[in-house]
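# Per-entry structural report
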Amino acid sequence: MAARVMPWLLAAALGTSSVAAAQKAPDLALTPPMGWNSWNHHGCDIDEQLIRETADAMIANGMRDAGYVYVNLDDCWQGERDKDGFIQPDPKRFPSGMKALGDYLHQRGFKFGIYSDAGSKTCAGRAGSQGFENQDALQYARWGVDYLKYDWCNTGTGPAQRNPREAYATMRDALHRSGRPIVFSICEWGDNKPWEWAGEIGHLWRTTGDITNCWSCRIGHGSWESLGVLDIVDKQAGLRRHAGPGRWNDPDMMEVGNLPELAQNRSHFAMWAMLAAPLIAGTDVTGMSPQIAEVLTNPGIIAINQDKLGLQGFTWFKSPEIDVWARPLTGDRWAIAIVNRSAAARAHTIDWGREPLGDDLNQRFAKIGERHYRLIDAWSGKAIGDTAQPLSVRLAPFDNAVFVLEPRP
Ligand code: GLA
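Because the structure is a prediction, the values reported are computed rather than measured.

Reading the values: rules and limits
Residues numbered from 1 in each chain as written. Predicted model: local features only at pLDDT ≥ 70, side-chain atom pairs only at ≥ 80, totals over all residues. Heavy atoms only, no water. Helix = DSSP H or I, 4+ residues; strand = E, 2+ residues; numbered from the N terminus. Contact = heavy atoms within 4.5 Å. Axes fitted to C-alpha atoms, helices over the stretch in contact; angles between N-to-C directions. Parallel < 35°, antiparallel > 145°, perpendicular 65-115°, else oblique. Left-handed = near helix turned anticlockwise from the far one by under 90°. Nonpolar A, V, L, I, M, F, W, Y, C, P; charged D, E, K, R; others polar. Domains from an automatic or database assignment. Buried area = accessible area lost by both parts, 1.4 Å probe. Salt bridge = Lys/Arg side-chain N within 4 Å of Asp/Glu carboxyl O. Buried < 20%, exposed > 50% of the residue type's maximum accessible area, 1.4 Å probe, protein only. 1 Å grid on protein atoms, 1.4 Å probe; cavity = no way out; pocket = protein on both sides within 12 Å on 5 of 7 lines; lining within 4 Å. Points joined across faces, edges and corners; volume = space filled by probe spheres on them. Near = heavy atom within 4 Å. Polar contact = N/O pair within 3.5 Å; in protein donor to acceptor, adjacent residues only side chain to side chain. Areas by Shrake-Rupley, 256 points an atom, 1.4 Å probe, with all protein chains shown as cover. Sits in = over half its atoms within 2 Å of the grid points.

### With respect to the environment of V183
Residue position: V183 is located in strand β7 (residues 183-186). For the pair formed by V183 and A25, sequence separation is 158 residues and the distance between their alpha carbons is 7.0 Å. If near-sequence neighbours (up to four positions away) are discounted, V183 is found in contact with L28, Y70, D146, Y147, L148, H203 and L204.

In structure tokens form, the structure reads like this:
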């Protein structure tokens, strides 16, 4: 007679605390997460006062109300583990403790994000979560954490390296067991094609190595290199099929505000919107100029990013100087972004009648010819004509124009 295994026994044997299968928290990040992260501007130099002041500044400059609700600590918040193995914050930098910081954020309408690493140590050499996944997840849940970015440093080398799928699933399961819904951000830099396996494990996954604050560059750091905005953008080709509500390609936290030219900051933001990328600001909010706050809070560009269909855009036309991005939106609307990659002013014309606008992958096709679409300038919100006529734009160096096509009633 075949032996019968009771489900609870099986669950116990597998080390799971309940019969329900561990899964990533459902119904989170149904549109790309929006927030701020400390790393790109502040690096390791963070403390509780900076985090509180950043949150206050995000209220004052309109970022919170524009949707930037996650306030995320990156590396270097950690102190030592206590005698029972529970991670503690750096007592000098976070003397009030993490629960108090989480409360401060929650009381002001934010969500609280934190960072750890699947290896023995984080990239900056603080305690990693390997072997402590359950305890760390429990501790985060006690502190009221809503978002975990989980890095990939010090996970071993060669055949001894951790299996990324297993390592990330282990933390997913630990977060599940903690009982708190936590957005899980996978950060293994695209090394192991996470777009092929991470959708069941996390809500977003980095597709590349680290971004840096230049328009187009690669900066070597020995075993790895950081990448400029265009270098990152060009690595997104072919990945859009893997993205959708609750599962996003993450081309990294934004350098908007950190790039030298205003037009570069605007175009970086427009491209992240077209890519359905997480909009995690990475600049100094307390010292932000009004122009950068205006870019980051632009309602038309944010609405494109947050479109509920969740279809990632694609390059519809490409030349060495000009990229034209297209993205299907709800209600038979389309977003079009024309980006000048170059340091010289450029003109570009789209003749709607001649260039069929369609997304073969998702079988969505604009019905230009059957009907005309109104054109709305997404940056200004102004109606500027329709698709019965060709559209000609002149773009300043590095600048862009973004339009939404809306079917005429
Ligand atoms: C890695 C990540 C970065 C940042 C640093 C922190 O490089 O990719 O985004 O989190 O670690 O040390």
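Additional details are given in the paragraphs that follow.
### Some thoughts on the packing of helix α6 (residues 133-143) against helix α7 (residues 164-178)
Look at α6 against α7: their axes get within 8 Å of each other, and the N-to-C directions meet at 45 degrees. As summarised for this structure, α6 and α7 are arranged oblique, according to the angle between their axes. When you trace α6 past α7, the crossing you get is right-handed. Residue-level contacts link E133, N134, D136, A137, L138, Y140 and A141 of α6 to T170, M171, A174, L175, R177 and S178 of α7. Across the contact of α6 with α7, the residue classes break down as seven nonpolar, three polar and three charged.

### What to know about the domain arrangement of the chain
Domain annotation of the chain identifies domain 1 (7-305) and domain 2 (314-407). Computed over C-alpha atoms, the centres of domain 1 and domain 2 are 31 Å apart. With 24 residues of domain 1 in contact, the opposing surface of domain 2 contributes 24 residues. In this assembly, domain 1 packs against domain 2 so that about 2,100 Å² is buried in total across both faces, 63% of it on carbon and sulfur atoms.

### Considerations on the pattern of salt bridges
All chains considered together, the criterion is met by 28 salt bridges. One salt bridge in this structure joins D45 and R93, with 3.3 Å as the shortest N-O distance. With D45 in the loop between α2 (39-42) and α3 (48-60) and R93 in the loop between β4 (87-89) and α5 (98-107), this pair connects stretches of sequence that are 48 residues apart. We note a salt bridge from R180 to D146, for which the minimum N-O separation is 2.6 Å.

### Comments concerning unusual backbone geometry
Comment: phi is negative for the bulk of residues other than glycine, and the bulk of peptide bonds are trans. You will see that D27, though not glycine, has its phi angle at about 60 degrees, which is positive. Looking at the secondary structure, you find D27 in the loop between α1 (7-14) and β1 (34-37).

### Considerations on the environment of E406
Along the chain, E406 falls in strand β22 (residues 400-407). The exposure class assigned to E406 is partly exposed, which follows from its relative accessible area of 24%. C-alpha of E406 to C-alpha of G385: the two residues are 21 residues apart in sequence and 11 Å apart in space. Residue contacts for E406: discarding those within four places in its chain leaves R333, H372, Y373, R374 and I376.

### Topic: the layout of surface pockets
Regions of empty space are outlined by a rolling probe, equal in size to a water molecule, passed over the atoms. A volume near 650 Å³ is recorded for the largest pocket. Looking at the largest pocket, it is lined by 30 residues, and the ones nearest its centre are W189, R206, G209, D210 and W224. Among the secondary structure elements, those contributing two or more residues to the lining of the largest pocket are α2, β6 (147-151) and β10 (225-227). Among the elements that line the lining of the largest pocket, the one with the most residues is β10, at three residues. Here the lining of the largest pocket is built from residues that sort into eleven nonpolar, eight polar and eleven charged. By volume, the second largest pocket is sized at about 210 Å³. If you go around the second largest pocket, you meet 15 residues; those closest to its centre are Q236, A237, G238, T315 and W325. Looking at which element gives the most residues to the lining of the second largest pocket, the answer is strand β13 (residues 314-318), with three residues. Taken together, the residues of the lining of the second largest pocket break down into five nonpolar, five polar and five charged.

### Notes on the packing of α3 against α5
The geometry of α3 relative to α5 is characterised by a closest axis approach of 10 Å and an angle of 5 degrees between their N-to-C directions. The angle between α3 and α5 places the two elements in the roughly parallel class. Residues E48, I51, R52, A55 and D56 of α3 form the contact with α5, whose participating residues are L101, Y104 and L105. The residue inventory of the contact of α3 with α5, partitioned by class, reads five nonpolar, no polar and three charged.

### Considering the site of the ligand
Taken together, 13 residues lie around the ligand, and D74, D75, K149, D151 and D210 are the ones closest in. Interatomic distance of 3.0 Å between a side-chain N/O atom of W189 and an oxygen atom of the ligand. Protein chains bury 94% of the 310 Å² of accessible surface belonging to the ligand in isolation. The cavity that encloses the ligand is the largest pocket. Taken together, the residues of the shell around the ligand break down into seven nonpolar, no polar and six charged.

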